[in-house]
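Summary of the model geometry
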Amino acid sequence: MPRKKILILNGPNLNMLGIREPAIYGRDTLDDIKRLCRDTAKPLMMSIDFKQSNHEGQLVTWIQKARGKADALILNAGAYTHTSLAIHDALKLIDVPIIEVHLSDPEQRESFRHFSYVGLVAHHVIKGKGAAGYAEALTYLSHIWQKS
Ligand code: DQA
């Protein structure tokens, strides 16, 4: 079976993990999370493309380019989760499983984090599990493909 290609996108301020509000987001850096994803993906026969941008348009472009190329998308859109209709629209262009991931649990935080434009189109949401949530997203994908 060919390796599944997983695009993992991270939104604004996630490049600052490790020093950004560690009480909320933990001490793992984005590089640590990338390594965790690589290590988790390998035995699951998945290859990952792991990216981060602070720019909404860049994230939209990467989502558009995933059309017909990626087999699934794991997305932590950061604050754009709660604001970006443009990312929501881009996600509707791709016909693959979309897993929404958050390190923290936005619903347990300020009310302005409770609504998610990504959640309206995501197949599955993993939140509040820190870096381990990314690994769980990969495992979740392998399970849905095993069943089909
Ligand atoms: C976040 C939660 C968002 O509300 C916040 O704006 C982030 C990170 C998370 O991973 O917990 O930037 O997506």
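What counts as what
Residues numbered from 1 in each chain as written. Predicted model: local features only at pLDDT ≥ 70, side-chain atom pairs only at ≥ 80, totals over all residues. Heavy atoms only, no water. Helix = DSSP H or I, 4+ residues; strand = E, 2+ residues; numbered from the N terminus. Rg over C-alpha atoms; globule rule 2.2 N^0.38 Å. Buried < 20%, exposed > 50% of the residue type's maximum accessible area, 1.4 Å probe, protein only. Contact = heavy atoms within 4.5 Å. Areas by Shrake-Rupley, 256 points an atom, 1.4 Å probe, with all protein chains shown as cover. Phe/Tyr/Trp six-rings, centres within 6.5 Å; stacked < 30°, edge-to-face > 60°. Pairing = 2+ DSSP bridges. Axes fitted to C-alpha atoms, helices over the stretch in contact; angles between N-to-C directions.

1. Considering the overall build of the protein chain
Within the protein chain, the regular secondary structure consists of five helices and five strands. Going from N to C terminus, the protein chain has its helices and strands arranged as β-α-α-β-α-β-α-β-β-α. Taken over C-alpha atoms, the radius of gyration comes to 14 Å for the protein chain, in line with the 15 Å a tight globule of 148 residues would show. Projected onto its principal axes, the C-alpha coordinates of the protein chain cover approximately 45 × 30 × 25 Å. Burial status across the protein chain gives 47% buried among its 148 residues. Intrachain contacts of the protein chain at a sequence separation of at least 6 include 77% that bridge at least 24 residues. As displayed, the protein chain has an accessible area near 7800 Å², and 51% of this comes from carbon and sulfur atoms.

2. Description of the packing of aromatic side chains
All told, the structure shown has two aromatic pairs when counted by the stated rule. On the basis of an interplanar angle of 85° and a centroid distance of 4.8 Å, the ring pair of Phe-115 and Tyr-117 is categorised as edge-to-face. Judged by its relative accessible area of 40%, Phe-115 falls in the partly exposed class. The class of Tyr-117 is partly exposed, set by a relative accessible area of 22%.

3. Focus on the pairing of strand β1 (residues 4–10)
Among the seven residues that make up β1, five are buried, leaving the element largely enclosed by the rest of the structure. Where β1 lies against strand β3 (residues 72–76), five bridges are found, and the strand directions are parallel. For Ile-6, the partnering residue across the bridge sits in β3 and is Ala-72.

4. Description of the sheet that holds strand β4 (residues 98–102)
In spatial order, the strands read β2-β1-β3-β4-β5; together these five strands make up an open sheet with parallel pairing. Since the sheet does not close on itself, it has two edges, and those belong to β2 (46–52) and β5 (124–127), each with one partner. Pairs of neighbouring strands in the sheet enclose a mean axial angle of 20°, with direction left out of account. In the sheet, β1 pairs with β2 via seven bridges, with the strands oriented parallel. Bridging from a neighbouring strand, Asn-10 pairs with Gln-52 of β2. The strands that helix α3 (residues 56–65) touches are β1, β2 and β3; relative to β1, the one it contacts most, it runs at about 170°. On the sheet, helix α5 (residues 132–147) packs against β1, β2, β3, β4 and β5 and is oriented at approximately 155° with respect to β3.

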